[in-house]
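Working through the structure, step by step
Here is what each chain is made of, one letter per residue.
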Amino acid sequence: MSTTAPAPGSAPDEQRERGLARFAQRTAGWTERWFPDAYVFALAGVVLVAVAAMANGSSPRTVATTFGDGFWDLAAFTLQMAMVVLTGYVVATSAPVARIIERAARLPSTPRGAVAWVALLSCTVSLLNWGLSLVFSGLLARAIARRGDLRCDYRALGAAAYLGLGAVWALGLSSSAAQLQATPESLPPELLEITGVLDFGATILTWQSLVMAAVLIALSVAIAWASAPQGTAVRTAEDMGVDLTDDAGTVPERQHPGEWLEYSPVLPAIVGVLTLGWLVVQFVELPVLTVVSNLNGYLMVFLVLGLVLHGTPRKFLSAVSKAVPATAGVLVQFPLYAAMAAVLTRAEGRGGETVSGHLAELFTDIGGGGAFAIVIALYTALLGLLVPSGGGKWLVEAPYVMQSATDVEMNLGWTVQIYNAAEALPNLVNPFFMLPLLAVLGLRARHLVGFTFLQFLFHLPVVLILLWALGRTFSFEPPVMP
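Residues numbered from 1 in each chain as written. Predicted model: local features only at pLDDT ≥ 70, side-chain atom pairs only at ≥ 80, totals over all residues. Heavy atoms only, no water.

Things to note about the pattern of salt bridges
- A full pass over the atoms with the stated rule returns seven salt bridges.
- One salt bridge connects Glu190 with Arg346, and the closest N-O pair in it is separated by 2.6 Å. One end of the pair, Glu190, is in helix H11 (residues 189-195); the other, Arg346, is in helix H17 (residues 328-346), with 156 residues separating them in the sequence.
- On the basis of relative accessible area, Arg346 is assigned to the partly exposed category, the value being 28%.
- Among the charged side chains, a salt-bridge network with shared partners connects Asp73, Glu190 and Arg346. (Salt bridge = Lys/Arg side-chain N within 4 Å of Asp/Glu carboxyl O. Helix = DSSP H or I, 4+ residues; strand = E, 2+ residues; numbered from the N terminus. Buried < 20%, exposed > 50% of the residue type's maximum accessible area, 1.4 Å probe, protein only.)

Quick look at the structure:
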């Protein structure tokens, strides 16, 4: 570890980096200091949408009524997205998964290889559940950092653990946009009328989407390997003063006879068998795509899996209590997104036009001639930088984006994937979704963003090119109504 004193007014981390990484850390420091909480952005979005609706000719009464009527439109979907976070956390912190993490941590043989390994697993697991990816990858980074035979840069390990959420999570099973479009009972009526139902076979499971995910994973891993510090530039967890002792997550001993079922694996085992039986029946009686596109089924399986992996109700409930705080952002932000969507699509102004209608016309006009994918992707990425939502802002964007896609005859399923691929990009710059991971790692966002910003510089052009090129292989198909 270098003992060179930093220059006055500069952070020690910045003295250790040069070029783009140093610039990115300065940017991250500014963001940490000046960016308000994401909930403030959601509140500001409500105000902006209300002002836009009134500027469009809607009366204040109409705007207020529409806001209130739409506030709880998506209560079920809000709970479902909170459960994505909770179930991922519960599964990741179970003892069997902890053993898998310890074994996985012993596989890399070089520091750079360890960083690339964390990046690969982070991206792969995020395709299953983004909440699981954050916690699993963070614990894996800590386990590798505890190894005495590898001197790995802890910042690079942490940034690699975040790549699932910054690269491909929205192309996977927990994509809120894809899940929403595949679940007719969760779709707002106005959106269902435009898009119909799009199961996973039209979105995340198309060969084009799978190719994009594979390319982005390979790119992420390669950059993580190439950018990992070496030699004297390495900063280990010990150098950074991070305590790597993990809490074993023990629960209190049974105190009363009436608690014996809380400490018994019998009930979780029975519920696990029932869930497995239900899943087998589903696959026997229904098409595979229908089963895997069922959001409620997906969440039930993950929740029961967490219960079975923890072994007893008491251990499971202890894990749930630790996971609940991570769901707070979803619970308080999504109703605001639902209200914004309602104002955009229902508050009629001059000539009976809504703000959503005007935006659809705008994107139709500027998105012709094959430029639609790039225009929508850039718009989504920019909006995501200002409104970090984990996909929740699809509720706001979808009505006019999907209407524009219909007008220019862009495949609706691929339009969802345009949104999904672009939605992940801002996560590499905006530290909001790093928060659960940072809590696991014991670091600050400024320690990671120097590496994730470098990923962003490579990902942006690759994503835009892939969205444009792969989009040309689709043909337009009219909406399929339930």
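So that's the structure; there's more coming.
A closer look at the packing of aromatic side chains
- Tallying each qualifying case throughout the model produces nine aromatic pairs.
- Between Tyr379 and Tyr400, the ring centres sit 6.3 Å apart and the planes meet at 70 degrees, which makes this aromatic pair edge-to-face. In this pair, Tyr379 is assigned in helix H19 (residues 372-386) and Tyr400 in helix H20 (residues 394-407), connecting sequence segments 21 residues apart.
- The class for Tyr379 is partly exposed, based on a relative accessible area of 26%.
- Three or more aromatic residues joined by ring pairs make a cluster, and in this case those are Phe67, Phe71 and Trp72.
- Over the face of the ring belonging to Trp225 we find Arg112, whose NZ or CZ atom lies 4.4 Å from the ring centre. (Phe/Tyr/Trp six-rings, centres within 6.5 Å; stacked < 30°, edge-to-face > 60°. Lys NZ or Arg CZ within 6 Å of the ring centre and 35° of its normal.)

Let's talk about the confidence of the model for the chain
- On average, residues of the chain carry a pLDDT of 84, and 88% of them reach 70 or more.
- Predicted confidence for residues 1-15 stays below pLDDT 50, and this span has 17 contacts to residues more than four positions away or in other chains. (pLDDT = per-residue confidence, 0-100. Contact = heavy atoms within 4.5 Å.)

Details of empty space enclosed by the protein
- By the definition in use, this model includes two cavities of 30 Å³ or more.
- In this structure, the largest cavity occupies an estimated 90 Å³ of space.
- Lining the largest cavity are Asp73, Leu74, Pro188, Glu190, Leu191, Ala338, Ala341, Ala342, Thr345, Arg346, Leu395 and Pro399.
- Broken down by secondary-structure element, the contributors of at least two residues to the lining of the largest cavity are H11, H17 and H20.
- Looking at which element gives the most residues to the lining of the largest cavity, the answer is H17, with five residues.
- Here the second largest cavity is characterised by a volume of approximately 70 Å³.
- Residue lining of the second largest cavity: Val115, Ala156, Ala159, Ala160, Leu163, Ile223, Ala224, Ser227, Phe451, Thr452 and Gln455, and that is the complete set.
- Secondary structure elements with two or more residues in the lining of the second largest cavity: helix H9 (154-167), helix H12 (207-227) and helix H23 (445-471).
- The element that contributes the greatest number of residues to the lining of the second largest cavity is H9, accounting for four residues.
- Looking at side-chain class alone, the lining of the second largest cavity contains eight nonpolar, three polar and no charged residues. (1 Å grid on protein atoms, 1.4 Å probe; cavity = no way out; pocket = protein on both sides within 12 Å on 5 of 7 lines; lining within 4 Å. Points joined across faces, edges and corners; volume = space filled by probe spheres on them. Nonpolar A, V, L, I, M, F, W, Y, C, P; charged D, E, K, R; others polar.)

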